[in-house]
Amino acid sequence: KQYIIIGAGILGTSAAYQLAKSGVSVTVIDREEPGRATDAAAGIICPWLSQRRNKAWYALAKSGAAYYTSLIEQLKEDGETETGYRQVGAISVQKDAGKLEKMKERAITRRLDAPEIGVIEKLTSTDTSALFPPLLNDFESVYISGAARVNGRALRQALVNAAEKHGALFVKGSAELEYEDSIVTGVRLEKEFYPADCVLVTAGAWASELLKPLGIHLEVSGQKAQIVHLQLSDEVTEEWPVVIPPNDQYILAFDDGKVIVGATHEDGMEFDGRVTAGGLHEVLDKALAVAPGLVDSEFIETRVGFRPITPNFLPIIGEVPNVKGMLLANGLGASGLTVGPFLGEQLAKLVLGQQVEIDLDLYPVSGAIRQD
Ligand code: FAD
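None of these values were measured; they are calculated from a predicted model.

Looking at the domain arrangement of the chain
Now for step 1: What the domain assignment lists for the chain is domain 1 (2–39 + 153–220 + 311–370), domain 2 (90–146) and domain 3 (223–306).
Now for step 2: Taking only C-alpha atoms into account, the centre of domain 1 sits 37 Å from that of domain 2.

Next up, the structure:
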């Protein structure tokens, strides 16, 4: 059997890796969009403190976070160790003691069926700033040891390398679907036709344009995000935890003094790749208010990415109603680095006819299709 994947973000590369490992023939086509969400992502893997109440989302995010242990191990076996993944823990910082107490209780309840949360501890302001020195020094926090950070670009590349080792073929170009009646027969890349038994569409924020010729209106849009990379000198940052401040932003450190702050949530700005004065101002203003110690860091770059979102902000996976020969997964939104590797693995299982570990009825593609 021949499988083709359109879109090599975190979702497509994870599916490709698992398909290639299972021994089937897989070709991945990607046109390297500069706004690829996976390349811009911050890299926080910490779904358990979220106040989002949607159970379908939480189930996926929880499984996604837990899956990392297995994925990193699998990649290591394939010789891929450069993923930027590290379980550094997270601190949710607050000045409101009551809110911290509630957060701690919620984490303890969630740990009952998510032991990977690890240690949950309330930290004093002194201990909090010792863990992340640039922070304001009057924040207290809840620390959880199971949280991690990952470099989206590095992880994606590791998945590509490992998939190639197992025989996957990666082709650069802009794909279009080929179909007869409502059966997808393969993919067209400029003048070349690639036949397929099944095409997997993991095209992120750009997926709706692919389906348009089939008369399908997929309601996936690209929410613009601007995110800033800073460089601290003379700081040993690799063990610093992820910081979740009381505002809607986050701060996280990587190795060698690199710190990432962000990000904006800009609706209605689809595929506008500009770094704007307003975007930079918002991100830096919020970051410096929480971590004034970053004021002297060097500005390195701003990345712009488009989070693929569905109308109800839930991922979707499965067949498109009334279309054969194609499976689709999308809608990873703001938590796609957490969910993507796991959902990609589930997508591979689905196309291979294997038992999946998620309730597919919770994430139907039909939920994001507009009927005219
Ligand atoms: P993408 O990574 O966007 O990949 C889609 C791919 O499809 C692209 O490579 C594109 O070139 C290709 N493509 C599209 N159409 C075609 C076509 N016709 N032909 C060929 N190729 C095509 N998640 C977390 O869990 N934690 C975080 O801390 C986090 N931070 C984030 C910060 C920012 C600034 C952003 C933007 C996102 C963040 N996310 C985070 C979310 C996460 O990055 C996304 O949900 C996830 O990367 C989406 O992956 P994807 O594979 O669906 O899409």
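Considering helix α8 (residues 277–290)
Now for step 1: In a regular helix each residue adds 1.5 Å, so 14 residues correspond to 20 Å; α8 covers 20 Å between its end C-alpha atoms and thus fits that length.
Now for step 2: When α8 is considered as a whole, its buried residues turn out to be Gly279, Val283, Ala287 and Val290. Buried residues in α8, looked at end-on, bunch into an arc of 65 degrees, giving them a common side. Away from the buried face of α8 by more than 90 degrees, exposed residues Ala277 and His281 are located.
Now for step 3: Buried residues along α8 sit in contact with β14 (221–231), β16 (250–253) and β17 (258–262).

Observations concerning the packing of aromatic side chains
Now for step 1: In the structure shown here, the tally under the stated rule is six aromatic pairs.
Now for step 2: Geometrically, the ring pair formed by tyrosine 68 and tyrosine 85 is stacked, given 5.2 Å between the ring centres and 10 degrees between the ring planes. Taken together, the residues span a long stretch of sequence, with tyrosine 68 in helix α3 (residues 55–77) and tyrosine 85 in the loop between α3 and β4 (90–94) at a distance of 17 residues.
Now for step 3: Judged by its relative accessible area of 0%, tyrosine 68 is buried.
Now for step 4: In this structure, lysine 95 packs its charged tip against the face of phenylalanine 139, placed 5.3 Å from the ring centre.
Now for step 5: When the ring centre of tyrosine 58 is taken as origin, the NZ or CZ atom of arginine 110, which lies over that ring, is 4.2 Å away.

A short note on the site of the ligand
Now for step 1: In the neighbourhood of the ligand, 41 residues make up the surrounding shell, with Asp30, Arg36, Thr38, Gly333 and Thr338 lying closest.
Now for step 2: Between the ligand and threonine 338, the relevant distance is 2.7 Å, taken from an oxygen atom to a side-chain nitrogen or oxygen of the residue.
Now for step 3: Starting from 1000 Å² of accessible surface for the ligand in isolation, the protein chains cover 99%.
Now for step 4: Counting only elements with at least two residues in the shell around the ligand, the list comes to α1 (10–21), β2 (25–30), α2 (37–40), β14, β18 (298–309) and α9 (336–351).
Now for step 5: Residues that form the shell around the ligand fall into these classes: 22 nonpolar, 13 polar and six charged.
Now for step 6: Domain assignment of the residues forming the shell around the ligand places at least three in each of domain 1 (2–39 + 153–220 + 311–370) and domain 3 (223–306).

Structural notes on the pairing of β4
Now for step 1: In terms of burial, β4 is largely enclosed, as five of its five residues are buried.
Now for step 2: Of the two faces of β4, the one carrying Ala90, Ser92 and Gln94 and the one carrying Ile91 and Val93 are both buried.
Now for step 3: Bridge analysis of β4 against strand β6 (residues 140–144) gives five bridges, and the strand direction is antiparallel. Pairing of glutamine 94 across the sheet is with glutamate 140, part of β6.
Now for step 4: Here β4 runs beside strand β15 (residues 242–244); their pairing, made up of three bridges, is parallel. Paired with isoleucine 91 across the strands is valine 243, a residue of β15.

Here is what the cut-offs are and how they apply
Here, residues in each chain are numbered from 1, in the same order as that chain's written sequence. In keeping with the predicted nature of the model, local features appear solely for residues at pLDDT of at least 70, side-chain atom pairs appear and are counted solely at 80 or more, and the whole-chain, interface and lining totals rest on all residues. Side-chain measures here rest on the full set of heavy atoms in the structure, leaving out hydrogens and waters. Reported domain spans reflect what an automatic or database domain assignment gives. Only DSSP runs of H or I with at least four residues qualify as helices, and only runs of E with at least two residues qualify as strands; both kinds are numbered from the N terminus onward. Working rule for helices: expected span equals 1.5 Å times residues minus one. Working definition: with a 1.4 Å probe on protein chains only, accessible area under 20% of the residue-type maximum means buried, over 50% means exposed, and in between means partly exposed. An arc is given here, and it is the one of the directions from the helix axis to the C-beta atoms. Every residue pair with non-hydrogen atoms within 4.5 Å of one another is taken to be in contact. Here the aromatic set is Phe, Tyr and Trp, taking the six-membered ring for Trp, and pairing holds for ring centres within 6.5 Å; pairs whose planes are under 30 degrees apart are stacked, those over 60 apart are edge-to-face, and all others are tilted. Two conditions define a charge sitting above a ring: the NZ of Lys or the CZ of Arg must be within 6 Å of the ring centre, and it must be within 35 degrees of the ring normal. For each residue, the test is whether any non-hydrogen atom lies within 4 Å of the molecule or strand; if one does, the residue is near. Under this definition, polar contacts are N or O atom pairs within 3.5 Å; protein pairs additionally need one hydrogen-donor-capable and one acceptor-capable atom, and for neighbouring residues in sequence, both atoms have to be side-chain atoms. Only the protein chains shown count as cover for residues, and all accessible areas are computed by the Shrake-Rupley method using a 1.4 Å probe. Side-chain classes follow a simple rule in which Ala, Val, Leu, Ile, Met, Phe, Trp, Tyr, Cys and Pro form the nonpolar group, Asp, Glu, Lys and Arg form the charged group, and the remainder, Gly included, forms the polar group. The pairing criterion for strands is at least two bridges between them, as found by DSSP.

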